[in-house]
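Commentary on secondary and tertiary structure
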Amino acid sequence: YYQPLPLQNKHYNQQQQGWALFSTRTRRRRRQGGGSSIPSNPNPVEDSDDQSTSSSANQSAAVPLSSEQFLSASMSLLDRVESAVTKLKDCNDGLEITRHPPSSSSDSSPNHATPNPDNTESIEPTNQPHGGQLSFHVQSSGDLFWGGGTYLLTIQPDNDADSGGTVTLRSPLSGSFTYVYNPSSGEWVGEDDGHSLLGMLTRDWIRQCRGVPDF
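Here the structure is a predicted model, which means the values were calculated and not measured.

1. A closer look at the pairing of strand S5 (residues 175–182)
Looking at chain direction, strand S4 (residues 165–171) and S5 are connected through 5 bridges and run antiparallel. Across the sheet, the residue bridging to Arg170 is Ser176, located in S5. What sits between S4 and S5 in their antiparallel hairpin is a turn of 3 residues. For S5 and strand S6 (residues 187–190), the ladder comprises 4 bridges, and the chain directions are antiparallel. Within S6, the residue paired with Asn182 across the bridge is Glu187. Taken together, S5 and the strand that follows it, S6, pair antiparallel across an intervening segment of 4 residues, in which Gly186 is found at a positive phi of about 70 degrees.

What follows is the structure, encoded as structure tokens:
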């Protein structure tokens, strides 16, 4: 005795066959690489820009400077700092600013320094040759943490170095740091970590003195 399948069962079988065919085609496309995949680099354009910027900055920083270029940049730095600090003399009592010309080894005199009224550090240690110095002495305000002291910028030429030389900053708050000139940015940056000389000087100044220097 034969009994035909109900109509709904036939429709069910046709639907199952359709899903099987769709699944087979999908697997075939995935094997052929047609499926979507997550890119390994979601922002290739940004990474490329960052790499090119970093590469160009490193190349620019590595550009050798002649002794004339170094002296021009370092003297411009001292002029810039001296001008900005001089504008703030009226609002900072006892501020002493001194510009020292270049000193050779024959001009240096050991055991001699300009006296400091606060007995913190000598304003100009003249026992070493240099390419020029700028010092400014800040009078103590009686603050327990931010007392007075002397800031000293010193040009140290080096004809054998690709940078042409260095500039050192001695701060009564942060200590001593050495800087090189970055031609790409026109900034003096820390030899060790790349921080800004003028940024460091501004930070220490506003802790001790009145006004913000327009370096």
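2. Overview of the sheet that holds strand S1 (residues 96–100)
If you walk across this open sheet you meet the 6 strands as S1-S2-S3-S4-S5-S6, and the pairing is antiparallel. Both outer strands of the open sheet, S1 and S6, are each paired with one neighbouring strand and no more. The sheet shows a mean angle of 20 degrees between the axes of neighbouring strands, taken without regard to direction. Here 6 bridges tie strand S3 (residues 149–157) to S4, and the two strands are oriented antiparallel to one another. Pairing of Leu152 across the sheet is with Arg170, part of S4. Along the sheet face, helix H3 (residues 67–86) touches S1, strand S2 (133–138), S3, S4, S5 and S6 and points at about 165 degrees away from the line of S3. Across the sheet, helix H4 (residues 197–208) is in contact with S2, S3, S4, S5 and S6; its angle to S3 comes to roughly 165 degrees.

3. Describing the packing of aromatic side chains
Taken as a whole and assessed by the stated rule, the structure comprises 4 aromatic pairs. Ring geometry for Tyr181 and Trp188: centres 5.2 Å apart, planes at 55 degrees, overall tilted. What makes Tyr181 partly exposed here is its relative accessible area of 22%. The rings of Phe70, Tyr181 and Trp188 are connected pair by pair, giving a single aromatic cluster.

4. Brief notes about H3
Across its 20 residues, H3 extends 28 Å between first and last C-alpha, which sits within 8% of the 28 Å expected from 1.5 Å per residue. Those residues of H3 that fall on the buried side of the exposure criterion are Phe70, Ala73, Ser74, Leu77, Leu78, Val81, Ala84 and Val85. Angular distribution of buried residues about the axis of H3 spans 135 degrees; they occupy a single face of the element.

Calculation criteria
Residues numbered from 1 in each chain as written. Predicted model: local features only at pLDDT ≥ 70, side-chain atom pairs only at ≥ 80, totals over all residues. Heavy atoms only, no water. Pairing = 2+ DSSP bridges. Helix = DSSP H or I, 4+ residues; strand = E, 2+ residues; numbered from the N terminus. Axes fitted to C-alpha atoms, helices over the stretch in contact; angles between N-to-C directions. Contact = heavy atoms within 4.5 Å. Phe/Tyr/Trp six-rings, centres within 6.5 Å; stacked < 30°, edge-to-face > 60°. Buried < 20%, exposed > 50% of the residue type's maximum accessible area, 1.4 Å probe, protein only. Expected span 1.5 Å × (residues − 1). Arc of directions from axis to C-beta.

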